Amino acid sequence: MDLEQWFSEYQSRRSVLRQFGMLAGISLAFDACASNNPPPIQPSMGHNSIEHVLVACQENRTFDEYFGHYPRAGKFGIPANYAQPDGKGGVVTPYHYSSSSSPDVAHSWQDIHQEWNNGAMDGFAVTDGRGALGYYDRADLPYYYALADTFTLCGNYFCSLLGPTLPNRIALWAGTSGGITTAHRIPVGSLDYPTIVDLLDAHNVTWKCYNLGLGLGSTPEIEFFNALPFFKRWHNDHRLNFHEKDYYNDLKAGTLPQVSFLISEVLISEHPPLSIKSGQKKMAQVINALIASPAWKSSVLFFTYDEGGGFFDHVPPPQVDAYGLGCRVPTLVISPWARRGYVSGHLYEHSSILKFIERRFGLPTLASVNHQFDTSTPAENNEAANGKSMGPPAPPRDGLKQLGDFYEVFDFWLDPNYHPSLP
């Protein structure tokens, strides 16, 4: 039952008591003593309780690599006796990484497709060798495992494309890569189609990008962890250039915008071969600051990874078009309203975050305002075009009904004064 709908509809006192009585199995007794007892606890204002949406995205990890050995993962974790063919008649089994620094395995469009192998998911070792079969566990990721224990872990969240960082980062903001499948540099300010911030501006929803660490991620020439500078309308916008200290100041001052994008720079991005400890430490600082702030009771932070980086995962991604979905990536929903210790099996991808923002703030979908890619996409930087003059269509995916919008992971009966103790 949709709690928002249930409480928004008019119901008589007798109807309310009858429903609560049926649930408890004591309707007569409940009705008889209702006048002498306090009314039942009411939920909050529903999703209107969420006034701040934050989005953080790290680099190049799969669900199995990070959470395959999470005790509560169940069917979403690495299956018993899981192995990959080595291409020489033998098999390779997953192994625990001995270092916080893992190899940077190949993860181009071609490499990821070879690993995916039309959904067989058996090409990881053949394509990238044993280095693609490593994993981490709670001993390596104590903070992230504590977040999963405390909030919602998504067991069925996929990145957007079977390809590298750049197209997946573009899709995180636009719901589509516009046919781009490569990691090749594209000119700053060269893209000219709507993103989520176009919708936010059009409907007076405030937003900022906070650049964490040294802020290198805000410079496309160095890294492209923020895709907005590639868009014509946004590459010179001052809201792309806030720093980590601005984030902490806004938390303390109560001036956090309605939507925030937390942009890591390369040293703390968890991109192999850099240490996962640096990224985990920085995300702990950022998340703990949110939890300790006045904004916490009205916030949700979506914490995801841009793409799988070529590392193994056993769940074949559903194919909704010629570009993806891509491999599963670790994703957490962090909020006092998020179901606690819950592993969600709903189908999500990067567009699901956009769908949540759109629904929460009453925005149109990008699919309804961007018809540029309904029938085809440019062939430039588009390996799906296969040498043709135009590539397959790639409309924004926030219009797809089969992709969830995260509304199911919230429980507005929960106490918002929830400040868990995290490592």
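This text gives an overview of the structure that appears in the document.

What the rule picks out here adds up to 0 disulfides. Cysteine Cys 327 remains unbridged, with the sulfur of Cys 159 as its closest cysteine sulfur at 6.0 Å.

With that out of the way, let us pick up the packing of aromatic side chains. Tallied over the full model, the rule gives 31 aromatic pairs. Judged by centre distance (5.9 Å) and plane angle (35°), the ring pair of Phe 63 and Phe 67 falls under tilted. In this pair, Phe 63 and Phe 67 both sit in helix 4 (residues 63–67), 4 residues apart, roughly one turn of the helix. Pair check on accessibility: Phe 63 and Phe 67 agree, each one buried. Ring plane angle 35° and centroid distance 6.4 Å describe the contact between Tyr 66 and Tyr 144, whose orientation is recorded as tilted. In this pair, Tyr 66 sits in helix 4 while Tyr 144 sits in helix 7 (residues 142–150), placing the two residues 78 residues apart along the sequence. You'll find Tyr 66 and Tyr 144 in the same group, each marked buried. Joined through ring pairs, the aromatic side chains of Tyr 157, Phe 302, Trp 337, Tyr 348, Phe 356, Phe 406, Tyr 407, Phe 410 and Phe 412 make up one cluster. Looking at Arg 340, its charged tip hangs above the ring of Tyr 418, at a distance of 3.6 Å from the centre. The positively charged end of Arg 359 is found above the aromatic ring belonging to Tyr 407, 3.6 Å away from the centroid.

In the contact formed by helix 7 and helix 11 (residues 276–291), the axes pass within 9 Å of each other and the chain directions differ by 45°. Taken together, the axis directions place helix 7 and helix 11 in an arrangement best described as oblique. Here Pro 142, Tyr 143, Tyr 144 and Leu 147 of helix 7 lie close against helix 11, whose contacting residues are Gly 279, Gln 280, Met 283, Ala 284, Ile 287 and Asn 288. In terms of residue class, the contact of helix 7 with helix 11 is made up of 7 nonpolar, 3 polar and no charged.

Basis of the calculations
Residues numbered from 1 in each chain as written. Predicted model: local features only at pLDDT ≥ 70, side-chain atom pairs only at ≥ 80, totals over all residues. Heavy atoms only, no water. Disulfide = S-S within 2.5 Å. Phe/Tyr/Trp six-rings, centres within 6.5 Å; stacked < 30°, edge-to-face > 60°. Helix = DSSP H or I, 4+ residues; strand = E, 2+ residues; numbered from the N terminus. Buried < 20%, exposed > 50% of the residue type's maximum accessible area, 1.4 Å probe, protein only. Lys NZ or Arg CZ within 6 Å of the ring centre and 35° of its normal. Axes fitted to C-alpha atoms, helices over the stretch in contact; angles between N-to-C directions. Parallel < 35°, antiparallel > 145°, perpendicular 65-115°, else oblique. Contact = heavy atoms within 4.5 Å. Nonpolar A, V, L, I, M, F, W, Y, C, P; charged D, E, K, R; others polar.

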